[in-house]
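This is what each chain is made of:
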Amino acid sequence: MMKLARFVCLSSLVVGLLAGGDGSANAADCEATIGKYMIGQALLAANYVAAAEKAGMKPAEINAALKDIAASSPIEEFWITDSNGRAYLTNTGIDFTFNRDPATQPQASAFWRLIAGTATVVVQPAQKREIDNRVFKYVGVAGVDKPRIVQVGVSADNLACR
């Protein structure tokens, strides 16, 4: 991810120079640009999961594929839920259920809008998550086949623009 972050920051710098700006690319610009790429990754994951389930793949098979993708790509985590918010497809092995109540889950509850149908994309700035206080950037999209959260995550360690 570090190479991607550097590429994105360098690209922002070049675009800024070409557009007549001063060429400065700050961390917020880099995070915003990375968020745009993460939307694409989440959409690809949503379509993959829908197709895999339609083809009859079992959750264990899909989870194995998600682990392989995470091991060889910048995306560190996949969290794909059922319509009740339970992440049954993930590369993490962590049992987690999204809650709609912000008092219960200040960070994760924002993604409930994807299940409720009031949003199709949620992009969060990097922040602490409830499960372990590590800082992650998450982007989620609505399921393409049914109400669900399809979320991808990258840790702050891999978002650094240097």
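These numbers come from a predicted model, not from an experiment. (Residues numbered from 1 in each chain as written. Predicted model: local features only at pLDDT ≥ 70, side-chain atom pairs only at ≥ 80, totals over all residues. Heavy atoms only, no water.)

### Thoughts on the packing of aromatic side chains
In step 1: On inspection of all chains with the given rule, the structure shows four aromatic pairs.
In step 2: Aromatic pair Phe98 and Phe111: ring centres 6.4 Å apart, planes at 70 degrees, arrangement edge-to-face. With Phe98 in the loop between strand S2 (87–90) and helix H4 (112–116) and Phe111 in the loop between S2 and H4, the pair connects residues that are 13 residues apart, well separated along the chain.
In step 3: A relative accessible area of 3% places Phe98 in the buried class.
In step 4: The exposure class of Phe111 is buried, given its relative accessible area of 0%.
In step 5: When the ring of Phe136 is compared with that of Tyr138, the centres are 5.4 Å apart and the planes differ by 15 degrees; the resulting orientation is stacked. (Phe/Tyr/Trp six-rings, centres within 6.5 Å; stacked < 30°, edge-to-face > 60°. Helix = DSSP H or I, 4+ residues; strand = E, 2+ residues; numbered from the N terminus. Buried < 20%, exposed > 50% of the residue type's maximum accessible area, 1.4 Å probe, protein only.)

### Things to note about the side chain of Ser155
In step 1: If you trace the backbone, Ser155 turns up in strand S6 (residues 149–155).
In step 2: The exposure class of Ser155 is buried, given its relative accessible area of 2%.
In step 3: Ignoring anything within four residues of it in the chain, the contact list for Ser155 reads Glu76, Arg134, Val135 and Phe136. (Contact = heavy atoms within 4.5 Å.)

### Thoughts on the confidence of the model for the protein
Fine structural detail should not be taken from predicted coordinates in areas where pLDDT scores are low.
In step 1: Per-residue confidence for the protein averages 86 on the pLDDT scale, and 82% of its residues sit at or above 70.
In step 2: For residues 1–23, every residue scores under 50 in pLDDT, and the model assigns this stretch 32 contacts once sequence neighbours within four places are set aside. (pLDDT = per-residue confidence, 0-100.)

### Here's the deal with the pairing of S2
In step 1: Here three bridges tie strand S1 (residues 77–81) to S2, and the two strands are oriented antiparallel to one another. Paired with Trp79 across the strands is Thr90, a residue of S2.
In step 2: In this antiparallel pair of consecutive strands, S1 and S2, the connection spans five residues, and Gly85 shows a positive phi of 90 degrees. (Pairing = 2+ DSSP bridges.)

### Regarding the pattern of salt bridges
In step 1: All chains considered together, the criterion is met by six salt bridges.
In step 2: With a shortest N-O distance of 2.8 Å, Asp132 and Arg129 are connected by a salt bridge.
In step 3: Residue classification places Arg129 among the buried positions, given a relative accessible area of 4%.
In step 4: Connected through salt bridges with shared partners, the residues Glu53, Asp145, Lys146 and Arg148 form a single ionic network. (Salt bridge = Lys/Arg side-chain N within 4 Å of Asp/Glu carboxyl O.)

### Some points on the side chain of Gln124
In step 1: By the element assignment, Gln124 lies in the loop between strand S3 (121–123) and strand S4 (127–128).
In step 2: On the accessibility criterion, Gln124 (7% relative accessible area) is buried.
In step 3: At a separation of 2.7 Å, a polar atom in the side chain of Gln124 contacts the main-chain carbonyl oxygen of Gln107.
In step 4: Among all residues touching Gln124, those that are not within four sequence positions of it are Glu31, Gln107, Ala110, Phe111, Lys137 and Tyr138. (Polar contact = N/O pair within 3.5 Å; in protein donor to acceptor, adjacent residues only side chain to side chain.)

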